[in-house]
Amino acid sequence: MQQNAASGAGSAVVSLREVHKSFGPLKVLDGVTFDVARGEVLTIIGRSGSGKSTALRCIDRFETIDAGQIEVCGHKVHDPGLDLRALRQDVGIVFQSYNLFPHLTIEENIVLAPSSVKRIPKAQARKEARAVLAQVGLEDKLHHYPEQLSGGQQQRAAIARSLAMRPKVMLFDEVTSALDPELTGEVLKVIEALAQDGMTMVMVTHEMGFARSIADRVVFMHRGKVHESGTATILTAPTTPELAQFIGTGL
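Residues numbered from 1 in each chain as written. Predicted model: local features only at pLDDT ≥ 70, side-chain atom pairs only at ≥ 80, totals over all residues. Heavy atoms only, no water.

If you check an unreviewed UniProt entry, the protein appears there as Phosphate ABC transporter ATP-binding protein from Alsobacter soli. Looking at the Subcellular location (unreviewed entry) heading of the UniProt record, one finds this comment for the protein: "Cell membrane". What UniProt records for the protein under Sequence similarities (unreviewed entry) is the sentence "Belongs to the ABC transporter superfamily." (UniProt positions renumbered as here; feature names shortened; annotations may be inferred.)

What follows covers the overall build of the protein. Across its full length, the protein carries 8 helices and 10 strands. Against the 2.2 N^0.38 benchmark of 18 Å for 251 residues, the protein shows a C-alpha radius of gyration of 18 Å, consistent with a compact globule. Summarising its shape, the C-alpha atoms of the protein cover approximately 50 × 45 × 35 Å along the three principal directions. Counting across all 251 residues of the protein, residues that qualify as buried make up 52%. (Helix = DSSP H or I, 4+ residues; strand = E, 2+ residues; numbered from the N terminus. Rg over C-alpha atoms; globule rule 2.2 N^0.38 Å. Buried < 20%, exposed > 50% of the residue type's maximum accessible area, 1.4 Å probe, protein only.)

Burial of strand β8 (residues 200–204) is extensive: 5 of the 5 residues sit out of reach of the surface. Neither face of β8 is exposed, since T200, V202 and V204 on one face and M201 and M203 on the opposite face are all buried. As judged from the 4 bridges shared by strand β3 (residues 41–46) and β8, these two strands associate in the parallel manner. Considered in β8, the bridge of L42 is made with V202. (Pairing = 2+ DSSP bridges.)

Attention now goes to a positive patch on the surface. Judged by side-chain charge, K122, R126, K127 and R130 come together as a positively charged surface patch. Positionally, K127 belongs in helix α4 (residues 122–135). Taking the relative accessible area as the measure of exposure, K127 reaches 60% and is therefore exposed. (Patch = residues over 30% accessible without salt bridge, like charges linked within 9 Å, V, L, I, M, F, W, Y side chains within 5 Å. Areas by Shrake-Rupley, 256 points an atom, 1.4 Å probe, with all protein chains shown as cover. Salt bridge = Lys/Arg side-chain N within 4 Å of Asp/Glu carboxyl O. Lys, Arg positive; Asp, Glu negative; His and termini not counted. Charge placed at Lys NZ, Arg CZ, Asp CG, Glu CD.)

Moving on to the pairing of strand β9 (residues 217–222). Among the 6 residues in β9, 6 count as buried, and that is most of the element. Of the two faces of β9, both are covered, the one formed by R217, V219 and M221 as well as the one formed by V218, F220 and H222. Here β3 runs beside β9; their pairing, made up of 5 bridges, is parallel. For G46, the partnering residue across the bridge sits in β9 and is M221. For β9 and strand β10 (residues 225–230), the ladder comprises 5 bridges, and the chain directions are antiparallel. By the bridge assignment for β10, M221 is matched with V226. Hairpin geometry of β9 and β10 is characterised by an intervening segment of 2 residues between the two adjacent antiparallel strands and by a positive phi of about 55° at R223.

With that out of the way, let us pick up the packing of aromatic side chains. Scanning all chains against the criterion turns up 2 aromatic pairs. Centre to centre, the rings of F62 and F95 are 5.5 Å apart; their planes meet at 85°, and the pair counts as edge-to-face. Of the two residues, F62 is situated in the loop between α1 (52–59) and β4 (67–72) and F95 in the loop between β6 (91–94) and α3 (106–116); the sequence distance between them amounts to 33 residues. Its relative accessible area of 16% is what places F95 among the buried residues. (Phe/Tyr/Trp six-rings, centres within 6.5 Å; stacked < 30°, edge-to-face > 60°.)

A word on the sheet that holds β4. Across the sheet, which stays open at both edges, the 4 strands sit in the order β2-β1-β4-β5 with antiparallel pairing between neighbours. Strand pairing shows two members of the sheet lacking a second neighbour, β2 (26–37) and β5 (75–76), which therefore form its edges. Pairing of β4 with β5 involves 2 bridges; the strand directions are antiparallel. Of the residues in β5, the one forming a bridge with E71 is K76. Lying over the sheet, α1 contacts β1 (12–23), β2 and β4, oriented at roughly 60° with respect to β2. (Contact = heavy atoms within 4.5 Å. Axes fitted to C-alpha atoms, helices over the stretch in contact; angles between N-to-C directions.)

Across all of its chains, the model carries 9 salt bridges by this definition. Residue K225 is joined to D30 by a salt bridge in which the shortest nitrogen-to-oxygen separation is 3.0 Å. Here K225 is found in strand β10, whereas its partner D30 is found in strand β2, with 195 residues between them in sequence.

Structure follows, in structure tokens:
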């Protein structure tokens, strides 16, 4: 097994140290350690049940950990006294299900958090909504409702909603898994543009080609552990039989 934590942990925006998490008797994370530097794109790959989505959810405290330490943008996520509101202002997360409010327009969906959480005046929040929708190519959908948009457009709107909070880190959890290939492409283009703009990102993905093209580093999780990590070259020259088999299956 090869485990490489990123060098310079002190400069890391996201840092996991010996993180453990169980659901009842099931051990899901077994001593997970990795860092993400500012402006870096880290992709997490692995089979279903390897712990990759749980690791992502722990970073934003959607799940609490049993042991270990997680620091994100200076927030000690493992601390029971964590200011969750402050953490969520610095970290945006997008899931495979869009989680847009169906009774609100796209603009209203985006304005909601900045105005209620960050106390930004509504007029300013609406201006910001237009800006982030333009960023994801949906400026003409401002007054549409989610059901009027395709799956790919809804996912881009979900990304825009997170961007409106001006996060320092973006987390993506299998955001294209529910989309057909054409719609997948339009969402991946948005994420690629974010990477080019220097956004720090952690992505759980099954899109191996995309991971190869966008990732500064790849973490392969296997049975709750970081089994192999390195630059995207590990996807073409894996050093463990487990990663070679995973890539070979095309999963």
